[in-house]
Amino acid sequence: MQYVNAWRAVVAATGRADRGAAEDGVRLAYRRAGLAEPERIIWADSPRAAVEVVEKLSGAGRSVREEVRTRPWAEERRRMYDELGPAGWSALWSATGAQLWETTAALAERIRTGIVAGLTTRPEDESDIRLVLLDAVLGQHDAAWLAAFDGRGDRLTGLAEVARNAGWWWPYEHAVVISERPDELHRDEAGRLDRGDGPALSYPDGFALYAWRGMPVPAEFLDGLASLTPERIRNEENAELRRVMLEYYGYDRYLSESGAEPVHRDETGILWRIALEGDEDVVMVEVVNSTPEPDGTYRTYWLRVPPRTCTAKEGVAWTFGLEGEAYAPLRQT
């Protein structure tokens, strides 16, 4: 677990790279791969800027990503697999890399998508940009698989040192391009990019990604969240952005301020339905906690339930994984 936590911190690291340590790691990775050290190391302020640098490189030679990153990783994985056996390797991966893989891979893919979107001016540009991205070593975003090998040999030490101290990098025969880490990174409890008042991920040169609970949103969209009204929410044509608006505004607030009427009530609560053009209805059950707060008041909760829900009891039952007829609590808490 110590390795997982350390590498989780690497993924989340922001601020200027330790350029000296990263460059030492690059040179070590080349030596371990049996290659001559690169003649030039060029820094860029973001992965997007690094792609632009790579596109203009001359005299760099071919990509050596295979020798520096892919082959050593595959050989170390085979060594560990042979040493631990199938069950042992599976247990090691589950306890280390698997803990970081999903959220880190999603973050890296979002960065790729943002780079392609930001640099594509003509349709034919996209394939060229993606080819450059295939040459990248992901630095801090290679943390998931590096965590699995930490403390188990020194073959990958150079790669690990770059990852701890810098962002993405591009290894070629005679030159290396390395990206700075982000200035800011904001994520929710599930590890998704998330920020309501600015970029969720930003780099020193202004390359930034905007997101709300993992969903990409335009920068100007966030600027309008503070002044939302029920009418503005209803008039939003993009169904995904409208959901973001509702989450930010609050379903209960939207219901009370839009003049919505309950569609059903019973002993379990009140069922509300918000009809949204071009999207499924938002259906919620309003319930009151039967246990009083320390000050004697009773707290109200709003439970999101499936659109097909017809009664409050059916909705509450669904939150417990039951059918409406089967929900008959002896005591509510």
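Being a predicted model, the structure only gives us computed values, none of them experimental. (Residues numbered from 1 in each chain as written. Predicted model: local features only at pLDDT ≥ 70, side-chain atom pairs only at ≥ 80, totals over all residues. Heavy atoms only, no water.)

Regarding the nonpolar core
- Among the nonpolar cores identified, the biggest contains 63 residues, and W7, I111, I115, L159, W168, W169 and W170 are the most heavily contacted of them.
- Judged by nonpolar contacts, the second largest core, of 22 residues, contains V217, L241, W272 and L276. (Core = buried A, V, L, I, M, F, W, Y, C linked by side-chain atoms within 4.5 Å. Buried < 20%, exposed > 50% of the residue type's maximum accessible area, 1.4 Å probe, protein only.)

Examining unusual backbone geometry
- If you check the backbone angles, R213 has positive phi at about 50° while not being a glycine.
- Topologically, R213 is positioned in the loop between β7 (211-212) and β8 (215-216). (Helix = DSSP H or I, 4+ residues; strand = E, 2+ residues; numbered from the N terminus.)

A short note on empty space enclosed by the protein
- On inspection of all chains with the given rule, the structure shows one cavity of 30 Å³ or more.
- Around the largest cavity, the lining residues are A29, R32, A33, V68, P72, R155, L156, G158 and L159.
- Partitioning the lining of the largest cavity into residue classes produces six nonpolar, one polar and two charged. (1 Å grid on protein atoms, 1.4 Å probe; cavity = no way out; pocket = protein on both sides within 12 Å on 5 of 7 lines; lining within 4 Å. Points joined across faces, edges and corners; volume = space filled by probe spheres on them. Nonpolar A, V, L, I, M, F, W, Y, C, P; charged D, E, K, R; others polar.)

Considerations on helix α11 (residues 239-249)
- Of the residues making up α11, those classed as buried are A239, L241, R242, V244, M245, L246 and Y249.
- Packing partners of the buried residues in α11 comprise β7, β8, α9 (219-223), α10 (230-235), α12 (251-257) and β11 (282-288).
- Of the residues flanking the start of α11, the one acting as N-cap is N238, its side-chain oxygen 2.9 Å from the backbone nitrogen of E240.
- Following α11 by one or two positions, G250 has its phi on the positive side, about 100°. (Contact = heavy atoms within 4.5 Å. Polar contact = N/O pair within 3.5 Å; in protein donor to acceptor, adjacent residues only side chain to side chain.)

Focus: the domain arrangement of the chain
- Each assigned domain of the chain is listed here: domain 1 (1-180) and domain 2 (227-324).
- When each unit is reduced to the centre of its C-alpha atoms, the spacing between domain 1 and domain 2 is 44 Å. (Domains from an automatic or database assignment.)

A closer look at the packing of aromatic side chains
- If you walk through the whole model with that rule in mind, you get eight aromatic pairs.
- Note on W145 and F149: the rings are 6.3 Å apart at their centroids and 75° apart in plane angle, and the pair reads as edge-to-face. Here the residue W145 and the residue F149 both occupy positions in helix α7 (residues 143-149), the gap between them amounting to four residues, near one helical turn. Each member of the pair, W145 as well as F149, carries the same accessibility label: buried.
- With a centroid separation of 6.5 Å and an interplanar angle of 45°, the aromatic rings of W168 and W170 are classed as tilted.
- Classification of W168 by relative accessible area gives buried; the value is 1%.
- What links up through ring pairs into an aromatic cluster is the set W73, W89, W145 and F149. (Phe/Tyr/Trp six-rings, centres within 6.5 Å; stacked < 30°, edge-to-face > 60°.)

Topic: the sheet that holds strand β10 (residues 269-274)
- Spatially, β9-β10-β11-β12 is the arrangement adopted by the four strands of the open sheet, whose pairing is antiparallel. Both outer strands of the open sheet, β9 (264-266) and β12 (300-305), are each paired with one neighbouring strand and no more. The mean angle between the axes of side-by-side strands here comes to 20°, regardless of whether they run parallel or antiparallel.
- Across three bridges, β9 lies against β10 in antiparallel orientation. Bridging from a neighbouring strand, D266 pairs with G269 of β10.
- Relative to the sheet, helix α13 (residues 312-319) contacts β9, β10, β11 and β12, its axis offset from that of β12 by approximately 80°. (Pairing = 2+ DSSP bridges. Axes fitted to C-alpha atoms, helices over the stretch in contact; angles between N-to-C directions.)

Some thoughts on the packing of helix α4 (residues 65-95) against helix α5 (residues 98-119)
- Between α4 and α5, whose axes approach to 5 Å, the crossing angle comes to 55°. As summarised for this structure, α4 and α5 are arranged oblique, according to the angle between their axes. When α4 is examined against α5, the residues W93, S94 and A95 are found in contact with a partner set consisting of A98, Q99 and W101.
- For the contact of α4 with α5, the class distribution of residues is four nonpolar, two polar and no charged. (Parallel < 35°, antiparallel > 145°, perpendicular 65-115°, else oblique.)

Thoughts on the pattern of salt bridges
- Following the criterion strictly, the structure yields 28 salt bridges and no others.
- Between E37 and R27 there is a salt bridge, with its nearest N and O atoms 4.0 Å apart. Pair noted here: E37 is in the loop between α2 (19-32) and β1 (40-44) and R27 is in helix α2, with a separation of ten residues, a long-range link.
- Classification of E37 by relative accessible area gives partly exposed; the value is 36%.
- Overall, the relative accessible area of 25% leaves R27 in the partly exposed class.
- D188 is the salt-bridge partner of R192, the closest N and O atoms lying 2.7 Å from each other.
- Residue classification places D188 among the buried positions, given a relative accessible area of 10%.
- Three or more residues joined by partner-sharing salt bridges are found here, namely E23, D24, R27, R31 and E37. (Salt bridge = Lys/Arg side-chain N within 4 Å of Asp/Glu carboxyl O.)

Examining the sheet that holds strand β4 (residues 184-185)
- Ordered in space as β4-β5-β6, the three strands form an open sheet in which the pairing is antiparallel. Looking along the sheet, the strands with just one partner apiece sit at the ends: β4 and β6 (208-209).
- Where strand β5 (residues 201-202) meets β6, two bridges bridge the pair, whose relative direction is antiparallel. Bridge pairing in β6 places L201 opposite L209.

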